[in-house]
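Architecture at a glance
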Amino acid sequence: MNLPLDFISGMQRLLGDEYLRFASALDTPPPVSVRINPLKCCCPTKKSEPVPWLGEGAYLKERIPFTFDPLFHAGLYYVQEASSMFVGHILKELIKDPVSVLDLCAAPGGKTTLALSTLPEGSFVVSNEYVASRANILAENIMKWGYTNCAVTNNTPTDYGRLQHSFDVILVDAPCSGEGMFRKEPDALAQWSKQGVLACATRQKSILSNVWSALRPGGLLVYSTCTYNITENEDIAEYLHETFGAEPLPVLDLPESWCIMPQLKGDIPFYRFMPQRTIGEGFSVTILRKPKNETYMPYKPKFKKAEKAKITEEIKRYIQNPKHYDYTLYNDTVFALPLEFSTNMQLLAGMNILHYGIAVASCKGGNLQPHQSLALSSAFNSDASDSMPLSLAEARSYLRRESLTLPNIQHGYRIVTFLGRPLGWIKCVGTRANNLYPQEWRIRSRYTPDNDNILGITLCCENY
């Protein structure tokens, strides 16, 4: 790999004699890993190599065309770097009671889906992304994951900074220079510069300063990057300590076999994933606590009452325990939110909300059409709909939003499935089936892989 000279000299100073092993590791193919959705799937089988720090994680022998696996679109697993799955271990170790969590820089959704899968029952996660196009991808991935205790927003750190003392945990996977992705993303290598590192650090300080007030006294900030240098890691932690009194947590008790490197500067514990030591891309993370002696000033939102929505009996029967939800109309979509999280949603009044709870139905010409989110939700009542099983070829055709020719069609909405897992809706009219898969989610590629050995089957669906 043709590394920039400034990067080489910087890493040589940090790593010393270990630099040659580091540089050699960057010339090896990047590992591929996925994480199983425990709501929809069993744990990885013995056919895959486990990720040591997260039971739901698995290494694959090679990268496969995930786009063409219907079970990927059904939300059975998420493609994520193994190193960043360590955040799940942090949450499992430190969080034992229900919490309110903000994932501030959340797209495309790896940390949010990880938090939803690992936090104690009763927790609520707000997943935010500032860039609008990335926020839409985030909302898609959250809907596919299927949890009901989550909201997705498209707002700035400053917007959230106004919600004083509203969150027990804030995750900030900060935009960074991306040194840890050099193997995987050639653009990160091509765009790297010493000036870019300094610009990223300035931006990171701004993001953290703007959102710090939203963290409750005693709350935890989990700060991470996918970069190696100390300017964007240890120096940022030191800035938080000196500026806001952020308190380092004691070092987590980790097995030596995990080969996680400690901080490269100072005394604030960092957990560094380096390619010459661990199987994964570059990742650095630290945990800081907001001082408990800061006076707690709970945020009192001024909000308009959400417009209550009535849903038809046809839609209601698709929801398990429909009485356990509050139904509201927002941007021509009916959302169902578990009653226990109504206070959490009140905090988000005035935010640009893209999704929350379950998107149950869309308003189409005065009628309600069942929403894709409902089909993929854990709250979907599969007994209420006659499902139509699809072959692999038919499932891929459906996900491309192509027309389907299906036998024995009965009028009305139907769920289509692949290996028993819901993919989405069709509407049967006469002798044809209208494909209701979201236009913006469709598979755009016309390519079809020769190998039909679907990951979802071999990795997590042995019972099929």
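Reading the values: the criteria
Residues numbered from 1 in each chain as written. Predicted model: local features only at pLDDT ≥ 70, side-chain atom pairs only at ≥ 80, totals over all residues. Heavy atoms only, no water. Buried < 20%, exposed > 50% of the residue type's maximum accessible area, 1.4 Å probe, protein only. Helix = DSSP H or I, 4+ residues; strand = E, 2+ residues; numbered from the N terminus. Pairing = 2+ DSSP bridges. Phe/Tyr/Trp six-rings, centres within 6.5 Å; stacked < 30°, edge-to-face > 60°.

**Regarding helix H14 (residues 392-399)**
Every α-helical turn comprises 3.6 residues, leaving residues that sit three or four positions apart pointing alike. The buried count for H14 comes to 6 of 8 residues, which makes it a mostly enclosed element. Regarding H14, the residues found buried are Leu392, Ala395, Arg396, Ser397, Tyr398 and Leu399. Positive phi shows up at Arg401, right after H14, with a value of about 65 degrees.

**Topic: the pairing of strand S12 (residues 283-289)**
Regular strands place their side chains on alternate faces of the sheet. Within S12, 6 of the 7 residues are buried, which leaves the element mostly enclosed by the surrounding structure. The pairing of strand S9 (residues 215-225) with S12 spans 6 bridges and is classified as antiparallel. Each bridged residue has a counterpart across the sheet, and for Leu221 the counterpart in S12 is Leu288. As paired elements, strand S10 (residues 247-248) and S12 share 2 bridges and run antiparallel to each other. The residue of S12 that forms the bridge with Glu247 is Arg289. As defined by bridge partners, strand S11 (residues 271-273) adjoins S12 across 3 bridges and the pair is classed as antiparallel. When the sheet's bridge partners are listed, Arg272 is paired in S12 with Ser284.

**With respect to the packing of aromatic side chains**
Considering all chains together, one arrives at 27 aromatic pairs under this definition. With centroids separated by 6.3 Å and ring planes inclined at 90 degrees, the aromatic side chains of Tyr78 and Trp145 adopt a geometry described as edge-to-face. In this pair, Tyr78 sits in strand S4 (residues 77-79) while Trp145 sits in helix H6 (residues 132-145), placing the two residues 67 residues apart along the sequence. Judged by relative accessible area, Tyr78 falls into the buried class, the value being 10%. By way of ring pairs, the aromatic residues Phe7, Tyr19, Phe22, Phe182, Trp192 and Tyr228 are connected into one cluster.

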